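Here are the chains, one letter per residue:
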Amino acid sequence: MHSRLTGWALQVGYDQRTVLHQLDVDIPDGAFTVIVGPNACGKSTLLRSLARLLKPSEGAVLLDGRAISSYSAKEVARIVGLLPQSSTAPDGITVVDLVSRGRFPHQKLLRQWSEVDERAVRDAMAATSVTDLATWPVDELSGGQRQRVWVAMALAQQTPLLLLDEPTTFLDIAHQVELLDLFGRLNRDSGRTLVAVLHDLNQASRYADNLLAMKDGRVVAQGAPRDIVTEDLVYEVFGLRARIIPDPESGTPLVIPLLGAH
Amino acid sequence: MSAVILPAGTRVLRLAGGRLSLRVDRRGTVVVLALTGFVLGLAALAVTLGEYPLTLGQIVGAFAGTESDGVRRIVVDGRLPRIVMAAVAGAALALSGAIFQSMTRNPLGSPDIIGFTTGAYTGALLVTLVVGGNYIAQAWGALAGGLAAAILVYVLAYTRGVQGFRLIVVGIAVSAMLHAVNGWLILRARLEEALAAATWGAGSFNEVGWRETVPVLVAVAVLVPLLVVFARPLALLEMGDDAARSLGVRPEVTRGILLVVGVALVAAITAAAGPISFVALAAPQLARRLARSAGVSLLPSAAMGAALLLASDVLAQRLLAPTQLPVGVITVCVGGVYLVALLISQARRQ
């Protein structure tokens, strides 16, 4: 297994509170990695550190074997993309304008729009089915459409690694599945490496090649969902007593909480 | 080549076989051209107006050298520097307003509201009253005062990052404090200095000549290229720090440089003509409405600022002629109405 993006002995915190404790992690190339864990276990912090949004106080994030902090900001943005948990669309911006902002790391002051940019934006809008909405103001879209537009912006960036911070929050179940299917296709068809933070353990088990279970700033288990999702693990990570049965559709682990499990 | 559909209303200029390409917003370009035409027309009109009315033919003659020395002096040394100053100052103030409105993501986040202009005036006033000195000294004083006010506002508004609305409220408070300081500085000055400072404090181009205009032109020429480089990162920051950072923008660097540029633009104008309010506040929003752009855009804002301030200055000269009003009085009157309208529309939105 090869990994372009790795974290080594990461120690990350806010103010006095340490969130990640000496965490080691390898993101397998070409796989769909999903990070799960209870609230405040450091999932987002790990993702943001891997994308260089946070600076570790100790340890380092390595990209192609080199400290990520030694790259220029635009160099990183051409290799690693991140869909943040929340972003603000400027007032009155249209879908196509927002998506085209994803091309910024590839552009220069005197080279603001090439045919490569054009194609990348078209492809990103087609992949997320927002082509028909191209001239719409983003403020007038539904939550599901808006999230697809933000995904399109991240796709237009055309990074071989794409990190997604809780991409399905605030969406209803149909839109969640639609988006996760899209991520699955992106991963399979273009060989893009994806890393997502998800809340739903069952969805994570269904879509992930590589599941990363975290608790209290440490990685508790990592591997294929079928191999690692057990009743003991769910109890260890979430403190929840549950039965694990195979998902009747996909055969992946399905977590059924016991009655009065707490 | 496929037709460019991206983004809507945008045209791409390709030069040197596609190695250079510039994105041009069509509606924005039309607005900039129309406003520039308006400014040039108004400038031509303004040269003819004054105590000694001239015809356009005489103006052309003054430049061609066919008119008398007296006419030449009135046009080239008397009226022209003031017109150039009004237009350039308007553009500079509007750019500063656009920077801070974009950074705070709020149409009220303008240097004249959040205390930076007042701070620049405090700095310039201190230099004039305590040290004495020419425009250059005053300009450095204004820059130091403006930056000190900006840093004070940021420090007071800081709680785990700076949030736009909090910054504005703190800025209004700091602005009020600095107003009091300015009043106190003028009160304890000698009479003639106090009178001069008070006239200057209203914001006026009445005494402006090339001696004041040339340094302002130099300052603007140095600052604008920085703005060109940081215009797109500034626009990306409107989406939030995380989104901008993941696109390769460095938020702290961008904000730091643009803070200095924005304050320096205001300081350059304040040192030359005193604090002129409301152009920075109103021009970016009016331009935005005309150009229908997403977020504030710099070039239309600059053109709108030039048009607003030049028109205000022509009014200031001619409204009660021969009495010359300070242009700051006009902008405050017009801007006050705008501010009330803005506050009402903001209150309705919430």
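Here's a quick rundown of the structure. Keep in mind it's a predicted model, so treat the numbers as computed, not measured. (Residues numbered from 1 in each chain as written. Chains lettered and ligands numbered in written order. Predicted model: local features only at pLDDT ≥ 70, side-chain atom pairs only at ≥ 80, totals over all residues.)

Describing the overall build of chain A
Consideration 1: In terms of helices and strands, chain A carries nine helices and 12 strands.
Consideration 2: For chain A, whose C-alpha radius of gyration is 19 Å, the value lies close to the compact-globule estimate of 18 Å for 262 residues.
Consideration 3: Each principal axis of the C-alpha atoms in chain A carries an extent, and together these give about 60 × 40 × 35 Å.
Consideration 4: Residue burial in chain A is summarised as follows: out of 262 residues, 44% are buried.
Consideration 5: Restricting to contacts in chain A with at least 6 residues of sequence separation, those with at least 24 account for 63%. (Helix = DSSP H or I, 4+ residues; strand = E, 2+ residues; numbered from the N terminus. Rg over C-alpha atoms; globule rule 2.2 N^0.38 Å. Buried ≥ 20, exposed ≤ 12 C-beta atoms within 10 Å, placed from the backbone. Contact = placed C-beta atoms within 7 Å.)

Some details on the overall build of chain B
Consideration 1: Scanning chain B from N- to C-terminus turns up 13 helices and two strands.
Consideration 2: Computed over its C-alpha atoms, the radius of gyration of chain B comes to 21 Å, within 12% of the 20 Å expected for a compact globule of 350 residues.
Consideration 3: A buried classification covers 47% of the 350 residues belonging to chain B.
Consideration 4: Restricting to contacts in chain B with at least 6 residues of sequence separation, those with at least 24 account for 72%.

So, the interface of chain B and chain A
Consideration 1: On the chain A side, the residues contacting the 27 residues of chain B number 37 residues.
Consideration 2: Grouping the constituent residues of the side of chain B that touches chain A by class yields 16 nonpolar, five polar and six charged. (Nonpolar A, V, L, I, M, F, W, Y, C, P; charged D, E, K, R; others polar.)

Structural notes on the pairing of strand β7 (residues 161–165) of chain A
All names here are of chain A.
Consideration 1: Within β7, five of the five residues are buried, leaving the element largely enclosed by the surrounding structure.
Consideration 2: Burial of the side chains of β7 extends over both faces: L161, L163 and D165 are buried on one face and L162 and L164 on the other.
Consideration 3: Two elements, strand β6 (residues 80–83) and β7, share four bridges in a ladder whose sense is parallel. Within β7, the residue paired with V80 across the bridge is L161.
Consideration 4: With helix α6 (residues 173–190) bridging β7 and the parallel strand β8 (residues 193–197), this β-α-β connection has right-handed handedness. (Pairing = 2+ DSSP bridges. Right-handed = clockwise from strand over helix to strand, strands pointing away.)

Quick notes on the sheet that holds strand β3 (residues 32–36) of chain A
All names here are of chain A.
Consideration 1: Taken in spatial order, the six strands of this open sheet run β6-β7-β8-β3-β9-β10, and their pairing is mixed. Two strands bound the open sheet, and with one partner strand each, they are β6 and β10 (218–223). Strand-to-strand twist in this sheet, taken as the mean axis angle between neighbours without regard to direction, amounts to 15°.
Consideration 2: Pairing geometry for strand β9 (residues 210–215) and β10, over five bridges, is antiparallel. Bridge pairing in β10 places L211 opposite G223. (Axes fitted to C-alpha atoms, helices over the stretch in contact; angles between N-to-C directions.)

Brief notes about the packing of helix α4 (residues 116–131) of chain B against helix α7 (residues 191–201) of chain B
Residue and element names in this part refer to chain B.
Consideration 1: Direction vectors running N to C along α4 and α7 enclose 155°, while the axes themselves pass 11 Å from each other. It follows that α4 is roughly antiparallel to α7 by the angle criterion. For the pair α4 and α7, the sense of crossing is right-handed. Together, Y121, L125, T128 and L129 of α4 and E193, A197 and G201 of α7 make up the contact between the two elements.
Consideration 2: Looking at the contact of α4 with α7 residue by residue, the class counts come to four nonpolar, two polar and one charged. (Parallel < 35°, antiparallel > 145°, perpendicular 65-115°, else oblique. Left-handed = near helix turned anticlockwise from the far one by under 90°.)

A look at the nonpolar core
Consideration 1: Judged by nonpolar contacts, the single largest core of 171 residues is most densely connected at A:V34, A:V99, B:A89, B:A268 and B:I269.
Consideration 2: Ranked by residue count, the leading element in this core is helix α3 (residues 69–104) of chain B, at 18 residues.
Consideration 3: Excluding residues within four positions of it along the chain, A:V99 makes contact with A:V121, A:A124, A:M125, A:V149, A:A152, A:M153 and A:A156. (Core = buried A, V, L, I, M, F, W, Y, C linked by C-beta atoms within 7 Å.)

Here's the deal with the environment of B:V334
All names here are of chain B.
Consideration 1: Tracing the chain through its elements places V334 in helix α13 (residues 327–349).
Consideration 2: Along the primary structure V334 and P107 are separated by 227 residues, whereas in three dimensions their C-alpha atoms are 17 Å apart.
Consideration 3: Filtering out sequence-adjacent residues up to four positions away, V334 remains in contact with F278 and S312.

Some words on helix α10 (residues 251–273) of chain B
Consideration 1: A rise of 1.5 Å per residue sets the reference length of α10(B), with its 23 residues, at 33 Å; its end C-alpha atoms lie 33 Å apart and thus fit the reference within 8%.
Consideration 2: Among the residues trailing α10(B), B:G274 stands out with phi positive, at a value near 85°. (Expected span 1.5 Å × (residues − 1).)

Thoughts on the packing of helix α5 (residues 135–157) of chain B against α10(B)
Residue and element names in this part refer to chain B.
Consideration 1: Close contact between α5 and α10 brings their axes to 8 Å; oriented N to C, the two are set at 135°. By the angle between their axes, α5 is oblique relative to α10. Between α5 and α10 lies a crossing of right-handed hand. Contacts between α5 and α10 pair Y135, Q138, A139, A142, L143, G146, L147 and A150 from the former with L259, V260, V263, A264, V266, A267, A268, T270, A271 and A272 from the latter.
Consideration 2: Grouping the constituent residues of the contact of α5 with α10 by class yields 15 nonpolar, three polar and no charged.

What about helix α6 (residues 164–187) of chain B?
All names here are of chain B.
Consideration 1: Along its 24 residues, α6 runs 34 Å from first to last C-alpha, staying within 8% of the 34 Å computed at 1.5 Å per residue.
Consideration 2: Here α6 has its buried residues at L167, I168, V170, G171, V174, S175, L178 and N182.
Consideration 3: Elements that come into contact with the buried residues of α6 comprise α3, α4, α5 and α7.

Observations concerning the pairing of β8(A)
Consecutive residues of a regular strand have side chains that alternate between opposite faces of the sheet.
Residues and elements named next belong to chain A.
Consideration 1: Counting buried residues along β8, five of its five residues qualify, which places the element largely inside the surrounding structure.
Consideration 2: Here β8 shows a buried face lined by T193, V195 and V197 and a second buried face lined by L194 and A196.
Consideration 3: Taken together, the four bridges between β3 and β8 define a ladder with parallel strand orientation. Bridge assignment links T33 to a residue of β8, and that residue is V195.
Consideration 4: Bridge count between β7 and β8: five bridges; the pairing is parallel. Among the inter-strand pairings, D165 is bridged to a residue of β8, identified as V197.

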